[in-house]
Amino acid sequence: MTEPTSARARLVVTGTATAALLALSAVGIFLVAPEDADQGVIQRIFYYHVAIAITSLVAFGVAAIAAIAYLRTRRLAYDMVSVVSIGLGLFFSGLVIIT
């Protein structure tokens, strides 16, 4: 019975740390980082855009590897990883298009 409680506690701690680091990065991007001499404020979008693009590529890579593993072993866990990774990759690809 202690397993779900400890997993939930880890999730809360990880989520809180992620939110705090995201807020810190937003402060660093918009308030601390100087403007580029050539591009001005526009260059700040690259702090988000490139990271989101890399994340989407990694998600699709994980989906491809999990799909190959599913085809070789027929274990449903690999299929679920592939499905979730494709969803995340599409989400982050949409964010790349927006930014």
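Residues numbered from 1 in each chain as written. Predicted model: local features only at pLDDT ≥ 70, side-chain atom pairs only at ≥ 80, totals over all residues. Heavy atoms only, no water.

1. Thoughts on the overall build of the chain
Working step 1: Looking only at helices and strands, the chain features three helices and zero strands.
Working step 2: Ordered by position from N to C terminus, the α and β elements of the chain give α-α-α.
Working step 3: A compact globule built from 99 residues would reach a C-alpha radius of gyration of about 13 Å, whereas the chain, at 18 Å, exceeds it by more than 25%.
Working step 4: Structurally, the chain occupies a C-alpha span of about 55 × 35 × 15 Å along its principal axes.
Working step 5: When burial is assessed residue by residue, the chain has 15% of its 99 residues classed as buried.
Working step 6: Residue pairs in contact within the chain that sit at least 24 positions apart in sequence constitute 38% of those at least 6 positions apart.
Working step 7: Carbon together with sulfur atoms contributes 74% to the accessible area of the chain, which is approximately 7600 Å² in total.
Working step 8: Averaging the coordinates of the 6 positive side-chain charges in the chain and doing the same for the 5 negative ones gives two points 21 Å apart. (Helix = DSSP H or I, 4+ residues; strand = E, 2+ residues; numbered from the N terminus. Rg over C-alpha atoms; globule rule 2.2 N^0.38 Å. Buried < 20%, exposed > 50% of the residue type's maximum accessible area, 1.4 Å probe, protein only. Contact = heavy atoms within 4.5 Å. Areas by Shrake-Rupley, 256 points an atom, 1.4 Å probe, with all protein chains shown as cover. Lys, Arg positive; Asp, Glu negative; His and termini not counted. Charge placed at Lys NZ, Arg CZ, Asp CG, Glu CD.)

2. Quick look at helix 2 (residues 45–73)
Working step 1: With 29 residues, helix 2 extends 42 Å from end C-alpha to end C-alpha; this agrees with the ideal 42 Å at 1.5 Å per step.
Working step 2: Within helix 2, the full set of buried residues consists of Ile-52, Ser-56, Ala-59, Ala-63, Ala-66 and Ala-69.
Working step 3: The elements touched by buried residues of helix 2 are helix 3 (76–98).
Working step 4: Where helix 2 terminates, the next one or two residues include Arg-74, which has phi positive at roughly 60 degrees. (Expected span 1.5 Å × (residues − 1).)

3. Points about the side chain of Ser-85
Working step 1: The residue Ser-85 is located in helix 3 in this model.
Working step 2: Note on Ser-85: relative accessible area 8%, which makes it buried.
Working step 3: Residue contacts for Ser-85: discarding those within four places in its chain leaves Ala-59, Val-62 and Ala-63.

4. Quick look at helix 3
Working step 1: Taking 1.5 Å per residue, 23 residues should reach 33 Å; helix 3 reaches 33 Å between its end C-alpha atoms and fits that length.
Working step 2: All of the buried residues in helix 3 are Ser-82, Ser-85, Gly-89 and Val-96.
Working step 3: Against helix 2 lie the buried residues of helix 3.

5. Notes on a nonpolar patch on the surface
Working step 1: A cluster of nonpolar side chains, namely Ile-45, Phe-46, Val-50, Ile-54, Val-58, Val-62 and Val-81, defines an oily patch on the protein surface of about 560 Å² accessible area.
Working step 2: The greatest single-element share of the nonpolar patch, amounting to six residues, is contributed by helix 2.
Working step 3: Within the fold, Phe-46 resides in helix 2. (Patch = residues over 30% accessible without salt bridge, like charges linked within 9 Å, V, L, I, M, F, W, Y side chains within 5 Å. Salt bridge = Lys/Arg side-chain N within 4 Å of Asp/Glu carboxyl O.)

6. Section: the environment of Ile-68
Working step 1: Among the structural elements, Ile-68 can be located in helix 2.
Working step 2: Ile-68 sits 11 residues away from Asp-79 along the chain, and the two C-alpha atoms are 9.2 Å apart.

7. Concerning the confidence of the model for the chain
Predicted coordinates in regions of low pLDDT should not be interpreted in detail.
Working step 1: Residues of the chain with pLDDT of at least 70 account for 96%, and the chain-wide mean is 91.
Working step 2: Of all helices and strands in the chain, the one with the weakest mean pLDDT is helix 1 (residues 2–32) (87), whereas helix 3 scores best (96). (pLDDT = per-residue confidence, 0-100.)

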